[in-house]
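Residue-level listing of the chains:
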Amino acid sequence: MKDFKIRTMTRDELDWAVDMAANEGWNPGLNDAEAFYAQDPNGFLIGLLNDTPIGCISAVSYDRVFGFIGFYIVAKPYRGKGYGMQLWRAAMERIQGHVAGLDGVFEQQENYSKSGFDFQYSNIRFEFDNTIQAATTQSSSELIKAEPAMLEELVAYEDKLFPCSRETFLSKWLTLPDSVSLASRTGGRINGYGTIRKCRSGSKIGPLFADNEKVAELIFQNLCAEADTDSLIYLDVPEINDQGLALAERYGMKKVFGTARMYAGSAPDLDLNRIFGVTTFELG
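Residues numbered from 1 in each chain as written. Predicted model: local features only at pLDDT ≥ 70, side-chain atom pairs only at ≥ 80, totals over all residues. Heavy atoms only, no water.

If you check an unreviewed UniProt entry, the protein appears there as GCN5-related N-acetyltransferase from Maridesulfovibrio salexigens.

## A few points about the domain arrangement of the protein
Domain parsing of the protein yields domain 1 (4-123) and domain 2 (124-277). Put simply, the middle of domain 1 and the middle of domain 2, counted by C-alpha atoms, are 24 Å apart. Across the contact, 40 residues belong to domain 1 and 37 residues belong to domain 2. Each partner contributes to the roughly 3,400 Å² buried at the junction of domain 1 and domain 2, and carbon and sulfur atoms together form 59% of this total. Looking at the side of domain 1 facing domain 2, the largest losses of area belong to Asn-27, Tyr-121 and Asn-123, adding up to 22% of the total buried there. Asp-19 is the partner of Arg-200 in a salt bridge, and the nearest nitrogen-oxygen pair spans 2.7 Å. Linking domain 1 to domain 2 there are 22 residue pairs in polar contact (both at pLDDT 80 or more). Counting only elements with at least two residues in the side of domain 1 that touches domain 2, the list comes to α1 (11-23), α2 (32-39), β4 (66-74), β5 (99-104), α4 (109-114) and β6 (118-129). (Domains from an automatic or database assignment. Contact = heavy atoms within 4.5 Å. Buried area = accessible area lost by both parts, 1.4 Å probe. Salt bridge = Lys/Arg side-chain N within 4 Å of Asp/Glu carboxyl O. Polar contact = N/O pair within 3.5 Å; in protein donor to acceptor, adjacent residues only side chain to side chain. Helix = DSSP H or I, 4+ residues; strand = E, 2+ residues; numbered from the N terminus.)

## Section: the packing of α1 against α2
Direction vectors running N to C along α1 and α2 enclose 125°, while the axes themselves pass 10 Å from each other. Relative to α2, the element α1 lies oblique. Between α1 and α2 lies a crossing whose hand is right-handed. Only Ala-33, Glu-34, Phe-36 and Tyr-37 of α2 make contact with α1, whose side of the interface consists of Arg-11, Leu-14, Asp-15 and Val-18. Partitioning the contact of α1 with α2 into residue classes produces five nonpolar, no polar and three charged. (Axes fitted to C-alpha atoms, helices over the stretch in contact; angles between N-to-C directions. Parallel < 35°, antiparallel > 145°, perpendicular 65-115°, else oblique. Left-handed = near helix turned anticlockwise from the far one by under 90°. Nonpolar A, V, L, I, M, F, W, Y, C, P; charged D, E, K, R; others polar.)

This is the structure:
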């Protein structure tokens, strides 16, 4: 392994990592890399064997207090040779001192536990064959485009929905091409928001944050109306959120994938009843 090197990715190499994720069936957003890289340009590591990229991992830092592990992939011909473990150690070293989170595939849960990660709950990916053609309204809510001008409000709304402020990430996320973000207000106060973005297959909604199921459904319906009819839409729901599961069941969504949300260090105190859709499995 003396010819195996790990270094920080360039922006172009992050596109390679996104392609790797797509090949694994993770269905990344078409423009996710822009927001990912903006959050932490040094948080993406690439493994090169004789200068050829064979693996990657991300260890993205938020405010130097919370880190998230993602993009942990080694090309199939090189698995089982120790390259992945070297990438893992480099990533963990980078976010040393952080509370760290990840969304891991279930079959790797035991291995993550050996590295100090504790299981908290599962996230379930649901697939919806879009039948919603027209936007819906609700007399008590004002639905508006969520734009960077609202950034301060949205960051404040996320206070119990994400472990720390992610102003940098959201400033890019809200302006990604091929995406729409909507926020709900009642009495002048935000009570939910969400984003839909085009992916390699269909579109994903994430995040979907709301004070209750009624607001979540309003935002969900209007986001679906932004996508093509009969296209596939994906929503990643924390299994611990009963109202989120009920929403998925009401629309006949089917389960297609799942992850184990795990944390190393003190798990953040999040209001999971208001998290109807995870933003991304790559960055939390």
